[in-house]
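# Architecture at a glance
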Amino acid sequence: MSHLLLTSGPTRQYLDPVRYLTNASSGRMGKALAEAALDLSHEVTIVSGPVEVTYPLRAKVIPVVTTDEMLAACREVFPHCDGLIGAAAPCDYRPVVVEPGKIQKTGQPLTLQLVETPDIVATLGAEKQARWVVGFALETDDARFRAIVKAEKKCCDLIVVNGPEAMHSTHNQVEILDRQGNVVAGFRGTKEGVARGILRVIQERLIGVKA
Ligand code: C5P
């Protein structure tokens, strides 16, 4: 049995108490991956942004809001885990200034200054030591090439490539690439079925026990 850390869902970066930037993510893929991992008898800790899906009761869920909170929670848990699946869509930008009160409309354009948030998979990938890391890449063009570049940059052992049609959908179509860019598997169908396929590959290639 392994202990898997799973990031899931979007994060939010507030501009003021009522408005925020976010990424489109339902958490459905994360939920399906958690179920597939639990069915293989693994222990699962999910660090999740705000989602409407209900995660399996057998998983430990740590709710977070911002990307920095997601990173901090993951850094606490990751040293006690065997591997990470980064299925979240963390918001990549945050406003430099978060207004304490609601921003009032003036009739004039509003300019926001944004800075990048930390990349969770890349940060944990750099600190992974003997642990394994599986990232996701949602690409519209040049998917394989861009995914391999991301896998390299974020120290991923495997990267799961999917298209934008995956967002908020019940279905998904993915390819799994290794660090050399070889396509090691491809799955399409319900997110539950695709998640079982992904976990099978992780089990065979990274956990080392055939499912
Ligand atoms: O660069 P991109 O967002 O396409 O990379 C996707 C992968 O990186 C996913 O595994 C996602 O969970 C992860 N990621 C992250 N932290 C970010 C942005 C993306 O962990 N700030």
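Just above sits the structure.
Predicted, not measured: the structure shown is a model, and the values here were computed from it.

Take the overall build of the protein next. Of regular secondary structure, the protein possesses five helices and 12 strands. Relative to the 2.2 N^0.38 estimate, which gives 17 Å for 211 residues, the radius of gyration of the protein is 17 Å and therefore close to what a compact globule would have. For the C-alpha atoms alone, the extent of the protein along its principal axes is close to 60 × 35 × 35 Å. By the burial criterion, 47% of the 211 residues in the protein qualify as buried. Working note: accessible area of the protein is about 11000 Å², and carbon and sulfur atoms make up 50% of it. Of the side-chain charges in the protein, 24 are positive and 24 negative, and the distance between the mean point of each set is 3 Å.

If a probe the size of a water molecule is rolled over the atoms, the empty space left behind becomes visible. Size it by volume and the largest pocket reaches roughly 960 Å³. Secondary-structure elements contributing two or more residues to the lining of the largest pocket are α1 (28–39), α3 (120–126), β9 (132–138), α4 (143–153) and β10 (158–162). Sort the elements by how many residues they give to the lining of the largest pocket and β9 lands first, with four residues. By volume, the second largest pocket is sized at about 200 Å³.

Glancing now at the sheet that holds β9. Within a beta sheet, neighbouring strands are joined by backbone hydrogen bonds and run either parallel or antiparallel to one another. Spatially, the eight strands line up as an open sheet ordered β5-β4-β1-β6-β9-β10-β11-β12, and their pairing is mixed. At either end of the open sheet lies a strand with only one pairing partner, and these are β5 (60–63) and β12 (183–190). Sheet twist, expressed as the average angle between the axes of neighbouring strands with direction ignored, equals 20°. Strand direction decides the pairing type here: strand β6 (residues 83–86) and β9, joined by four bridges, are parallel. Looking at the pairing, I85 lines up with V134 of β9. Packed onto the sheet, helix α2 (residues 67–77) meets β1 (3–8), β4 (43–48) and β5 and runs at close to 175° relative to β1.

This next bit is on the site of the ligand. The environment of the ligand is made up of G86, A88, P90, D92, P118, D119, I120, V121, G135, F136, K150 and K154. One of the backbone N or O atoms of A88 is found 2.6 Å from an oxygen atom in the ligand. Protein chains shield 86% of the accessible area of the ligand, which is 450 Å² for the free molecule. Structurally, the ligand is housed in the largest pocket.

Here the focus is the pattern of salt bridges. For the structure shown, the criterion picks out eight salt bridges. A salt bridge links R58 to D39, with the nearest nitrogen and oxygen atoms 3.4 Å apart. Placement of R58 in the loop between β4 and β5 and of D39 in helix α1 is noted, with a sequence separation of 19 residues between them. Of the charged contacts in the structure, one is a salt bridge between D119 and K154, with a shortest N-O distance of 2.7 Å. Of this pair, D119 sits in the loop between β8 (114–116) and α3 while K154 sits in the loop between α4 and β10, and the two are 35 residues apart along the sequence.

Evaluation of the coordinates by the stated rule reveals one aromatic pair. Stacked on the ring of F78, the Lys or Arg R131 has its end atom at 5.2 Å from the ring centre.

Once that is clear, we can look at the nonpolar core. Generally speaking, nonpolar side chains in soluble globular proteins are found buried as a group. Among the nonpolar cores identified, the biggest contains 32 residues, and L6, L33, V44, I85, F136, I176 and I198 are the most heavily contacted of them. Those elements that place two or more of their residues in this core are β1, α1, β4, β9, β10, β11 (171–178), β12 and α5 (191–207). In this structure I176 touches L158, I159, V160, N182, V183, V184, A185, F187, I198 and V201, once residues within four positions along its chain are discounted. In this structure, I62, A73, A88 and A137 belong to the second largest nonpolar core, which totals 24 residues.

Definitions and limits used
- Residues numbered from 1 in each chain as written.
- Predicted model: local features only at pLDDT ≥ 70, side-chain atom pairs only at ≥ 80, totals over all residues.
- Heavy atoms only, no water.
- Helix = DSSP H or I, 4+ residues; strand = E, 2+ residues; numbered from the N terminus.
- Rg over C-alpha atoms; globule rule 2.2 N^0.38 Å.
- Buried < 20%, exposed > 50% of the residue type's maximum accessible area, 1.4 Å probe, protein only.
- Areas by Shrake-Rupley, 256 points an atom, 1.4 Å probe, with all protein chains shown as cover.
- Lys, Arg positive; Asp, Glu negative; His and termini not counted.
- Charge placed at Lys NZ, Arg CZ, Asp CG, Glu CD.
- 1 Å grid on protein atoms, 1.4 Å probe; cavity = no way out; pocket = protein on both sides within 12 Å on 5 of 7 lines; lining within 4 Å.
- Points joined across faces, edges and corners; volume = space filled by probe spheres on them.
- Pairing = 2+ DSSP bridges.
- Axes fitted to C-alpha atoms, helices over the stretch in contact; angles between N-to-C directions.
- Contact = heavy atoms within 4.5 Å.
- Near = heavy atom within 4 Å.
- Polar contact = N/O pair within 3.5 Å; in protein donor to acceptor, adjacent residues only side chain to side chain.
- Sits in = over half its atoms within 2 Å of the grid points.
- Salt bridge = Lys/Arg side-chain N within 4 Å of Asp/Glu carboxyl O.
- Phe/Tyr/Trp six-rings, centres within 6.5 Å; stacked < 30°, edge-to-face > 60°.
- Lys NZ or Arg CZ within 6 Å of the ring centre and 35° of its normal.
- Core = buried A, V, L, I, M, F, W, Y, C linked by side-chain atoms within 4.5 Å.

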